[in-house]
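Below, each chain spelled out in residue letters.
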Amino acid sequence: MASRAHSERSEGAVNRSGSLGQALTDHAYQRVIHFFLFVFALDALCRRLRTLGAPSTATPGRQFVVKATHQIDTGLRSDDPAYYGFPVNDPKVVTFFATACGRMDAAHFCNLGVAPGLGTLVGQAGGDQHVTDIYEFAKRLAGDTRLLPQQVNIGPDRIIDVLHGVLAAEFFAAGIPVVSTANLAAYLARATAAMTSYQAKKVQKGRLGIAACCQVYIDVYAAAGEALWQSLSGQVWAECGARPGILDRADYLHW
């Protein structure tokens, strides 16, 4: 896939208001959900493809890329004085309205994508409905975004983009169910460490607005572990239950 596949947001979609801090709390939480559902979907897709005769290269570790191959929605650029410029040095920025910044990006939840040849393997699966459904699910997870200030997208959120690529490769290589309490704990610990290190650098430079945004992510990682596990395990349990004889829960879930 040479370029990112763009699609428009739903006509019924809305920009949720509230503070930037509230938006980042939801975003950090959803990033965890999207990451684990994406690695689950890719693992499930590759297993199904191999069952149908795909070559040994149809493994999740070889069929993902560390970049967003799909994108739903676009950003916003406005010089209208009704919108604020992002004050990188002001820690109170997390109290500003999330939807009122003049430079907004469509920030990816997952920021991973499908490898260029995966579509070919899917096309060779003989129109298998399970393959088609799971492939579309993976692409939707890869493309899902929310509008955030550009300074967040290229700052704290970029730290998680990089981490997602590292963790996906590690989890796929480990040979254990990708959605596990151990993997979730590893994600939260590694994300906390990476974000704390980045935050410290911003504090040293007086970028207290960026540092305040970092703290929101850190707070989510500290407090939301049980809720995240309940959501993730429930969704994967349900996905497998909807495809009896196709997706075995033991392949993807481990407490």
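The sections below set out a description of the structure shown in this document.

Reading the values: the criteria
Residues numbered from 1 in each chain as written. Predicted model: local features only at pLDDT ≥ 70, side-chain atom pairs only at ≥ 80, totals over all residues. Heavy atoms only, no water. Helix = DSSP H or I, 4+ residues; strand = E, 2+ residues; numbered from the N terminus. Rg over C-alpha atoms; globule rule 2.2 N^0.38 Å. Buried < 20%, exposed > 50% of the residue type's maximum accessible area, 1.4 Å probe, protein only. Contact = heavy atoms within 4.5 Å. Polar contact = N/O pair within 3.5 Å; in protein donor to acceptor, adjacent residues only side chain to side chain. Pairing = 2+ DSSP bridges. Axes fitted to C-alpha atoms, helices over the stretch in contact; angles between N-to-C directions. Expected span 1.5 Å × (residues − 1). Salt bridge = Lys/Arg side-chain N within 4 Å of Asp/Glu carboxyl O. Phe/Tyr/Trp six-rings, centres within 6.5 Å; stacked < 30°, edge-to-face > 60°. Lys NZ or Arg CZ within 6 Å of the ring centre and 35° of its normal.

Once that is clear, we can look at the overall build of the protein chain. For the protein chain, the count of helices and strands is 9 helices and 9 strands. Taking 18 Å as the expected radius of gyration for a compact globule of 255 residues, we find that the protein chain reaches 19 Å, a close match to that expectation. Oriented by its inertia axes, the alpha-carbon framework of the protein chain measures out at about 55 × 35 × 30 Å. Taking all 255 residues of the protein chain together, 50% fall into the buried category. Nonlocal contacts in the protein chain, meaning residues at least 24 apart in sequence, comprise 83% of its contacts between residues at least 6 apart.

Our next topic: the side chain of histidine 108. Of note, histidine 108 is situated in strand β5 (residues 103-108). In terms of polar contacts, histidine 108 uses its side chain to reach the backbone carbonyl oxygen of histidine 70, at 2.7 Å.

With that out of the way, let us pick up unusual backbone geometry. Of note in this structure, aspartate 73 is not a glycine but carries a positive phi near 85°. Notably, asparagine 111 is not glycine yet its phi reads approximately 60°, a positive angle. In this structure, asparagine 111 sits in the loop between β5 and β6 (113-114).

Before going further, it helps to examine the sheet that holds strand β4 (residues 76-77). Strand pairing in a sheet relies on backbone hydrogen bonds. The paired strands run either parallel or antiparallel. Read from one edge of the open sheet, 3 strands run β4-β5-β7, paired in antiparallel fashion. The open sheet has two edge strands, β4 and β7 (145-149), and neither has a second partner. Of the pairings in the sheet, the one linking β4 to β5 comprises 2 bridges and is antiparallel in character. Its bridge partner being in β5, arginine 77 is matched across the sheet by arginine 103. Relative to the sheet, helix α1 (residues 20-51) contacts β5 and β7, its axis offset from that of β7 by approximately 140°.

Quick look at α1 now. The terminal C-alpha atoms of α1, which comprises 32 residues, lie 46 Å apart, in line with the 46 Å expected from a rise of 1.5 Å per residue. Phi for glycine 53, located one or two positions after α1, is positive at around 105°.

Here we take up the pattern of salt bridges. This structure, assessed with the given rule, holds 11 salt bridges. Between arginine 31 and aspartate 161 there is a salt bridge, and its shortest N-O distance comes to 2.6 Å. Here arginine 31, found in helix α1, pairs with aspartate 161, found in helix α5 (residues 156-174); they are 130 residues apart in sequence, far enough to count as distant. You'll find arginine 31 and aspartate 161 in the same group, each marked buried. In this structure, the salt-bridge partner of glutamate 136 is lysine 139, at a minimum N-O distance of 3.0 Å. Separated by 3 residues within a single helix, glutamate 136 and lysine 139 lie in helix α3 (residues 129-143), roughly one turn from each other. Taking relative accessible area as the criterion, glutamate 136 reaches 37% and is therefore assigned partly exposed.

Tallied over the full model, the rule gives 11 aromatic pairs. Between the aromatic rings of tryptophan 229 and tryptophan 255, the centroid separation amounts to 5.6 Å while the plane-to-plane angle is 90°, which identifies the pairing as edge-to-face. Note that tryptophan 229 is positioned in helix α8 (residues 225-241) and tryptophan 255 in the segment after β9 (253-254), a separation of 26 residues in sequence. For tryptophan 229, a relative accessible area of 6% puts it in the buried group. Look at tryptophan 255 and you get exposed, because its relative accessible area is 54%. Taken together, the ring pairs connect Phe35, Phe36, Phe171, Tyr187 and Tyr221 into an aromatic cluster. In this structure, arginine 249 is placed above the aromatic ring of tryptophan 237, and the distance from its NZ or CZ to the ring centre is 3.8 Å.

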